Every structure is written in structure tokens, then in C-alpha cells.
Amino acid sequence: MTSRSRFALSLASTAFVLYLASGPLMRKALGDTGYTQLSIFHEVVSMIRETYVDPVNMDRTLEAAESGLLEALDGDSGYLDAAEFKELQFGKRGAADTGIVLGRRFGFLTVVATRPASPARKAGIKAGDFIKFIDGKHTHSLTVVKGERLLAGDPGIPVKIAIFKSGTEATETALVREKPAAGLPVARLLDGGVGYLAVSDVSDSAMVSVRASLADLLAQGASSLVLDLRSSASGPLGNAAPLAELFIKGGIVAKLASRNAAEQTLVAKETARPFTGPLALLVDRGTAGASEIAAGCLLDSGRASLFGENTFGRAGVQKQIPLESGGGLLLTVSRYMTPKGQPINGKGLTPKTLVRNPESPELFGTPGKDPVLDKALEALKAGVLKAAA
């Protein structure tokens, strides 16, 4: 048995002995339930090592236990072995990818969103699809970071992925990696003076175009607006503030809660001319991260009504924590909440008006073919949505 395995077994045994010896003090500090489970873990490890039909690689078994422990927390926390952790810290990610924004649900890598015009979008891959294999590697044990690196590579080089939906068989498809293009907004003036603004990316460079597109719609005479944040999951979480401040006159965009630190706030600056007309906000399972945080702000403030499907629920901050073994943890250490204190991470936002997306994302923003947009336009036409006070 290696030193790593001996250390793990020794740790479990020592903790169990300490528990029995220290009695009430240890029970008060760590709880009966936790130490009951630790004693069970010690028993299971011992039985596997001594009784299993074949000799057991305890290093591999204990690594699987570590991965399972992190998997029980949330989709973005995970254990990385020494090679994976070194790659995360020092390795270069490929210059091209497939356009998939990854998350994790039910033990598999999950498609959070796909970028417009990306190889994944062209192949019909959608938010909510599960990924079973990437180039033959099963994703059940993969962290999001590892999955992102497997999908990335050199431009023009294909990667094979097996996609499945709940209750269906996986189908394999090859996606040719492309350098990611800037996630530019889509803006146009619809009938009745309604502006339509679709934002798929809230990176710093994309936000410059978002501001310009909104200004252009107002110059064309838009008196109300549909803000489409479906399949919008790219960009730093802090950019929820510059997105929200286009529509509110400053104030708290979100609260950031941690276990061992005081609550912080993400605040929008007071801008000279935010859009104050009636605002409808379109969301779906691909709305995540900064766009999701901004949507929570606009909802809580009463500034906008949400139309569409539940959002993904991804608004946590991860920290890299090195371990003595050379491996490391990716651990969610804080999470964003709406201004009223509702958690977003793992929960998502639920629109008051639930509407299914059209079958193809290519129909997003097309009146008469996009039921979510049509429902929002009905509300604007009926005067249900009001301008900011």
C-alpha cells in the first residue's frame, strides 16, 4: 500500500479513536452524524482492502471517494488529481473550441448554452443536453474544467462527443473546433416601436457593443424593449452590474454570500441615461452566470417581467485549493443572491410567465415563430408592463 493509502486509512482510524476517547467534546464540535459516517467510511475501506475478490488499488479507490465527496456539493466543485491540477494552473488551453458552455448536472457534463454560429449550435446541440463521452472519455468523473480542456484544441481539429437527453440513447457527433468569435448582440426595431436586443455574451468587449446597440435602438424610436438573455452564459460574473445599470438608476445588483466572510454587494453605478421604458426579459435554461444575476436584479427591482423557462442556476465563485498530494480542489466558496436575498446558484430564476422555446434557437427573435417573444410582445402591447417609476 502506498503512503497515500496508509495516510487515508490512518486518518480515518485516528479520527474514529479520537471520537471514542474524547466523547462529548468531539460530538459537540463535529456532530454525531458526521463521525458516525466517518466510522462507516473506515469500515468500508477496511472491508474493501481486506475482503474484495481482487487486489485493490487503494490510491485509485480513495481518489474516487474524494471525487464523489466533491460531486455531492455542486456542479462546479470538483477534485483534480495532480496532473489535472497542474494543467489548470500552468497548462495552456487550446485556441479553439466547440462553442459549448459547460456545467454539470446529475453526474454528467451538461450543456449550459451554445454560442451563436458555433459548431455546437450548427449541430443542433441545445441547453440542457447531456454529454456522455468526449473523444471516448466518459464524463461521469470529469470536472467542468477538465471537460472544457478536452473540448478545446487547435482550429480545424474535430472532437467527437456523445450527446443524450434524459431518457434517450446517446448519439455521437464530430464537431470541428473553431476560434471563438466575439459574441455580438442582435438588435432590431420591431413593429409598434418595440426594440429587440439579444445578448449572448457579457464579456468586457461584448458589453461595448451592447451599449451601442441599445443606444441605436433608442435613436430609432424604441419606446419599449425586449431584452433576450436566452443562451447567454458567457462573461465574468461581475459584468452583471454594467448590464443591469443600462436599465436601473444605480443600486444593488446582487449580494455575495460566503460562509466565513461578511456579505458583500455588487452595485450598479448611477448612469446618466438608463433605459426607463417598459421592459420584457426573455430567459431559459441557457441563461446563466452574469446574465442570470442581472435578470435577478431586474426581477427583484420590479424593473422587468420574465418570460420563458427556468434559468440554469449558476452563480457561484470557485477557489483553487492545492493539496499536499499535488492534486487540488475547485470549491465553491461564495454565491450570488438577488437583491432580496434569494439564492441563484443551484436554484435559478422562475419566470412568472412560463413559455417553451421554439424547437430551434435560430427562431429566437422571430415574431410569429418564437412563442416566448410573442408572449412578451402581447404583454407590451396590452400595457401590462410599465415604465420605470
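Within each chain, residue numbers correspond to sequence positions counted from 1 in written order. Local features in this predicted model are restricted to residues whose pLDDT is 70 or higher, and side-chain atom pairs enter the listing and the counts only when it is 80 or higher, whereas totals over whole chains, interfaces and linings include all residues. Side-chain calculation: all heavy atoms of the structure are included, whereas hydrogens and water are not.

Participant: Help me understand the environment of His138 in this model?
Facilitator: Put simply, DSSP H or I for four residues or longer makes a helix, DSSP E for two residues or longer makes a strand, and each gets a number counted from the N terminus. Of note, His138 is situated in strand E5 (residues 137–138). Accessibility expressed as a relative area gives 32% for His138, which makes it partly exposed. Contacts described as polar in this section are N or O atom pairs within 3.5 Å, which, within protein, must combine one atom able to donate a hydrogen with one able to accept it, while residues neighboring in sequence count only if both atoms come from side chains. Among the polar contacts listed, one links the side chain of His138 to the backbone nitrogen of His140, at a separation of 3.0 Å. Burial here depends on accessible area, computed with a 1.4 Å probe over protein chains only, as a share of the maximum for the residue type. Under 20% is buried, over 50% is exposed, and the range in between is partly exposed.

Participant: Would you mind showing me how to read the pattern of salt bridges here?
Facilitator: Two side chains of opposite charge can pair, provided their charged atoms sit close to one another. Each salt bridge in this description consists of a side-chain nitrogen of Lys or Arg and a carboxyl oxygen of Asp or Glu lying within 4 Å of one another. Counted under the stated rule, the structure contains 14 salt bridges. Taking the shortest distance from any N to any O, the salt bridge between Glu87 and Lys146 comes out at 3.6 Å. Of the two residues, Glu87 sits in helix H5 (residues 82–90) while Lys146 sits in helix H7 (residues 144–151), which places them 59 residues apart along the sequence. Among the ionic pairs, Lys375 bridges to Glu378, the shortest N-O distance being 3.8 Å. Placement of the pair is Lys375 and Glu378 together in helix H11 (residues 371–381), with a separation of three residues, close to one helical turn. The exposure class of Lys375 is partly exposed, given its relative accessible area of 34%.

Participant: What am I meant to see in the nonpolar core here?
Facilitator: Across soluble globular proteins, nonpolar side chains have a tendency to be buried as a group. Buried Ala, Val, Leu, Ile, Met, Phe, Trp, Tyr and Cys residues that are joined via side-chain atoms within 4.5 Å together make up what is termed a nonpolar core. Judged by nonpolar contacts, the single largest core of 39 residues is most densely connected at Leu227, Phe247, Val253 and Leu281. Ranked by residues supplied to this core, first place goes to helix H10 (residues 290–300) with six residues. Only heavy atoms matter for contacts: two residues are in contact if any of them lie within 4.5 Å across the pair. Discounting chain neighbours no more than four positions away, the residues touching Val253 are Ala240, Ala241, Ala244, Leu266, Val267, Ala268, Ile293, Cys297 and Pro339. Among the nonpolar cores identified, the runner-up in size contains 17 residues, and Leu190, Val194, Leu377 and Leu380 belong to it.

Participant: I'm lost on the sheet that holds strand E9 (residues 194–198) in this one. Help?
Facilitator: For sheets, the rule is that strands pair by backbone hydrogen bonds, running either parallel or antiparallel. Note: two strands are recorded as paired if DSSP finds a minimum of 2 bridges between them. The six strands lie next to each other as E8-E9-E10-E13-E14-E17, forming an open sheet whose pairing is mixed. Only two strands of the sheet have a single neighbouring strand rather than two, namely strand E8 (186–190) and strand E17 (353–354). Relative to E9, E8 runs antiparallel, the two sharing five bridges. Each residue of the ladder has a partner; that of Arg188, found in E9, is Tyr196. The strands that H10 touches are strand E10 (224–228), strand E13 (279–283) and strand E14 (305–308); relative to E13, the one it contacts most, it runs at about 140°. For every element, the axis is a line fit to its C-alpha atoms; helices are fit only across the contacting stretch, and the angle between N-to-C directions ranges from 0 to 180 degrees.

Participant: Mind showing me how you'd approach H7 here?
Facilitator: The periodicity of an α-helix, 3.6 residues per turn, causes residues three or four positions apart to be oriented the same way. H7 sits mainly inside the fold: six of its eight residues count as buried. Within H7, burial applies to Val144, Val145, Lys146, Gly147, Arg149 and Leu151. Along its buried surface, H7 packs onto H5, strand E2 (100–105), strand E3 (108–114), strand E4 (130–134), strand E6 (158–164) and strand E16 (328–337).

Participant: What's the story with the packing of aromatic side chains in this structure? I'm lost.
Facilitator: Remark: the centre distance and the inter-plane angle together describe each pair of aromatic rings, the angle taken between the planes. Aromatic contacts are taken between Phe, Tyr and Trp rings whose centres are within 6.5 Å, Trp giving its six-membered ring; a plane angle under 30 degrees counts as stacked, one over 60 as edge-to-face, and the others as tilted. For the structure on display, the rule yields three aromatic pairs. Each ring, one from Phe108 and one from Phe164, has its centre 5.3 Å from the other, and the planes form 80°; the classification is edge-to-face. With Phe108 in strand E3 and Phe164 in strand E6, this residue pair connects regions lying 56 residues apart in the sequence. Its relative accessible area of 19% is what places Phe108 among the buried residues. A relative accessible area of 15% places Phe164 in the buried class. With 5.3 Å between their ring centres and 25° between their planes, Phe130 and Phe164 make a pair best called stacked. Pair noted here: Phe130 is in strand E4 and Phe164 is in strand E6, with a separation of 34 residues, a long-range link. For the pair Phe130 and Phe164, one class covers both residues: buried. Taken together, the ring pairs connect Phe106, Phe108, Phe130 and Phe164 into an aromatic cluster. Note on geometry: a ring has a charge over it if NZ (lysine) or CZ (arginine) is within 6 Å of the ring centre and within 35 degrees of the ring normal. Taking the ring centre of Phe312 as reference, the NZ or CZ of Arg105 above it sits at 4.0 Å.

Participant: Is there a simple way to think about H5 in this case?
Facilitator: Among the residues of H5, those classed as buried are Glu84, Phe85 and Leu88. Looking down the long axis of H5, one finds its buried residues gathered within 95° of arc, a one-sided arrangement. Projecting away from the buried face of H5 at angles above 90 degrees are the exposed residues Ala83, Lys86 and Phe90. Against strand E1 (78–80), H7, strand E15 (316–322) and E16 lie the buried residues of H5. As used here, the arc belongs to the directions running from the helix axis to the C-beta atoms.

Participant: Could you clarify how one ought to interpret the environment of Ser305 in this entry?
Facilitator: Mapping Ser305 onto the fold places it in strand E14. With 46 residues separating them along the chain, Ser305 and Pro351 place their C-alpha atoms 7.6 Å apart. Ignoring any residue separated from it by four or fewer positions in sequence, one finds Ser305 in contact with Leu279, Ala280, Leu281 and Leu385.

All we've got here are geometric facts, nothing functional implied.
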